[in-house]
Amino acid sequence: MRDLETTVLYNRPLAGETWQLGLLAPDYDQLARPGQFVMLRLTAGSDPLLRRPFGIFRCRTLPPLCTGQAPQPAVELLYKVVGRGTRLLSSLHSGDRVALLGPLGRGFDLTDCAPTALLVAGGIGVAPLYLLAEQLLRQGRQVRLLLGGRRRDDILAVTEFERLGVETYVATDDGSLGEQGLVTQVLERKLVRFPQASVFACGPMAMLRAVERLCRQAAVPLQVSLEALMACGVGACLGCVVPGQAHQEDQPDYRCTCKQGPVFDAQELLWPQEDSQ
Ligand code: FES
């Protein structure tokens, strides 16, 4: 983990309210593991943004700006403009400075992954799955990505995944891209076709609950990356706890999303008995 002040390389709209932020980040291609995140803080101005968590989308090396300069190692984040903090973030320009803490948290565990991996993303939940897809492909696994959202603008980074060689399937609520319906309906069909798959998911809690139920019924392993509000990102404030399976009966047990997650084996967490979706 590193705490550094670094430079914005690019910050541009991707689709709808979602933006793509590239930061100068030496060694992140070596340090960052799939599923990890960073905490980001604006450093300039009288109204600084609190530290906020962002899943690491990918690490890249950008060509030098001019002859004689070195290539620029970058970490890329995706974020959605949803409030004042992210609106401030979207006003950053190339050359601005930000404080970057990371990589943080526990990422995906790939040790026992099946030959076929199904990655399920809801909207911006696709962010932590790119590094995962890259690594799984490097290990010789077949990777399929199932992307869901309310509408076309919620479906992100399809081209980036397809360039890796990942087969992608898209479902939107309004049918404006891909098939009309829920991404979990696509997952249900894929689990029939690939009953031995390993599943990895990130997205809204309602989607994760439905994914968990399907994977439990199909008896396939599932890891989920949780999106949580985080104030410190390092296990100090306990603002990010989620209910986990109790080690002892009638003793509630909680997991710290930033330190013990954000990726959990689905069996570690406490899921509602009945899914309302
Ligand atoms: Fe502070 Fe997790 S964000 S403990």
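Scroll up for the structure.
Since the structure is predicted, the reported quantities are computational estimates derived from the model, not experimental observations.

## Brief notes about a nonpolar patch on the surface
Taken together, the side chains of Leu238, Val241 and Tyr254 define a hydrophobic patch exposed on the protein surface, amounting to about 300 Å² of accessible area. Of note, Tyr254 is situated in strand S14 (residues 253–256). Tyr254 gets classed as partly exposed once you look at its relative accessible area, which sits at 48%.

## Considerations on the side chain of Ser198
Locating Ser198 in the fold gives a position in strand S11 (residues 198–202). In contact with Ser198, other than residues within four places in its own chain, are Asp112, Cys113, Ala114, Thr116, Ala117, Leu118 and Pro221.

## Focus on the environment of Arg213
The residue Arg213 is located in helix H6 (residues 205–218) in this model. Between the C-alpha atoms of Arg213 and Gln223, which are 10 residues apart in sequence, the distance is 13 Å.

## A short note on the pattern of salt bridges
Throughout the structure, instances matching the rule amount to 14 salt bridges. Close ionic contact of Arg60 with Glu76 constitutes a salt bridge, the shortest N to O distance being 3.1 Å. Highlighted residues: Arg60 in strand S4 (residues 52–62) and Glu76 in strand S5 (residues 72–80), separated in sequence by 16 residues. Residue Glu76 is classed as buried on the basis of its relative accessible area of 0%. Salt bridges here are not isolated pairs; linked through shared partners, they connect Arg106, Asp253, Arg255 and Glu268.

## Section: unusual backbone geometry
Note that the residue after Gly102, namely Pro103, is joined by a cis bond; omega there is -10°. Mapped onto the secondary structure, Pro103 falls in strand S6 (residues 97–104). At Ala157, a residue that is not glycine, the phi angle is positive and equals roughly 65°. Assignment of secondary structure puts Ala157 in the loop between strand S8 (142–149) and helix H4 (158–164). Notably, Leu238 is not glycine yet its phi reads approximately 60°, a positive angle. Position of Leu238 relative to the elements: it lies in the loop between strand S12 (222–225) and strand S13 (241–244).

## Focus: the sheet that holds strand S7 (residues 116–122)
One open sheet accounts for seven strands, arranged S10-S9-S8-S7-S11-S12-S15; its pairing is mixed. Looking at which strands have only one partner, the edges of the open sheet turn out to be strand S10 (179–180) and strand S15 (263–265). Two strands pair when backbone bridges link them, and S8 and strand S9 (residues 167–172) are joined in this way by six bridges, in the parallel orientation. In the strand pairing of S9, Leu145 is matched with Thr168. Along the sheet, helix H3 (residues 129–138) contacts S7, S8 and S11; its crossing angle with S7, the most-contacted strand, is approximately 170°. Strand contacts of helix H5 (residues 183–193): S7, S8, S9, S10 and S11, with the helix running at about 155° to S8, the strand carrying the most contacts.

## Details of the pairing of strand S3 (residues 37–42)
Among the six residues that make up S3, five are buried, leaving the element largely enclosed by the rest of the structure. With four bridges joining them, S3 and S4 adopt antiparallel strand pairing. Residue pairing for S4: Val38 is matched across the bridge by Phe54. In this sheet, S6 lies alongside S3 in antiparallel orientation, the contact comprising five bridges. Bridge pairing in S6 places Phe37 opposite Leu104.

Each value, and the rule that gives it
- Residues numbered from 1 in each chain as written.
- Predicted model: local features only at pLDDT ≥ 70, side-chain atom pairs only at ≥ 80, totals over all residues.
- Heavy atoms only, no water.
- Patch = residues over 30% accessible without salt bridge, like charges linked within 9 Å, V, L, I, M, F, W, Y side chains within 5 Å.
- Areas by Shrake-Rupley, 256 points an atom, 1.4 Å probe, with all protein chains shown as cover.
- Salt bridge = Lys/Arg side-chain N within 4 Å of Asp/Glu carboxyl O.
- Helix = DSSP H or I, 4+ residues; strand = E, 2+ residues; numbered from the N terminus.
- Buried < 20%, exposed > 50% of the residue type's maximum accessible area, 1.4 Å probe, protein only.
- Contact = heavy atoms within 4.5 Å.
- Pairing = 2+ DSSP bridges.
- Axes fitted to C-alpha atoms, helices over the stretch in contact; angles between N-to-C directions.

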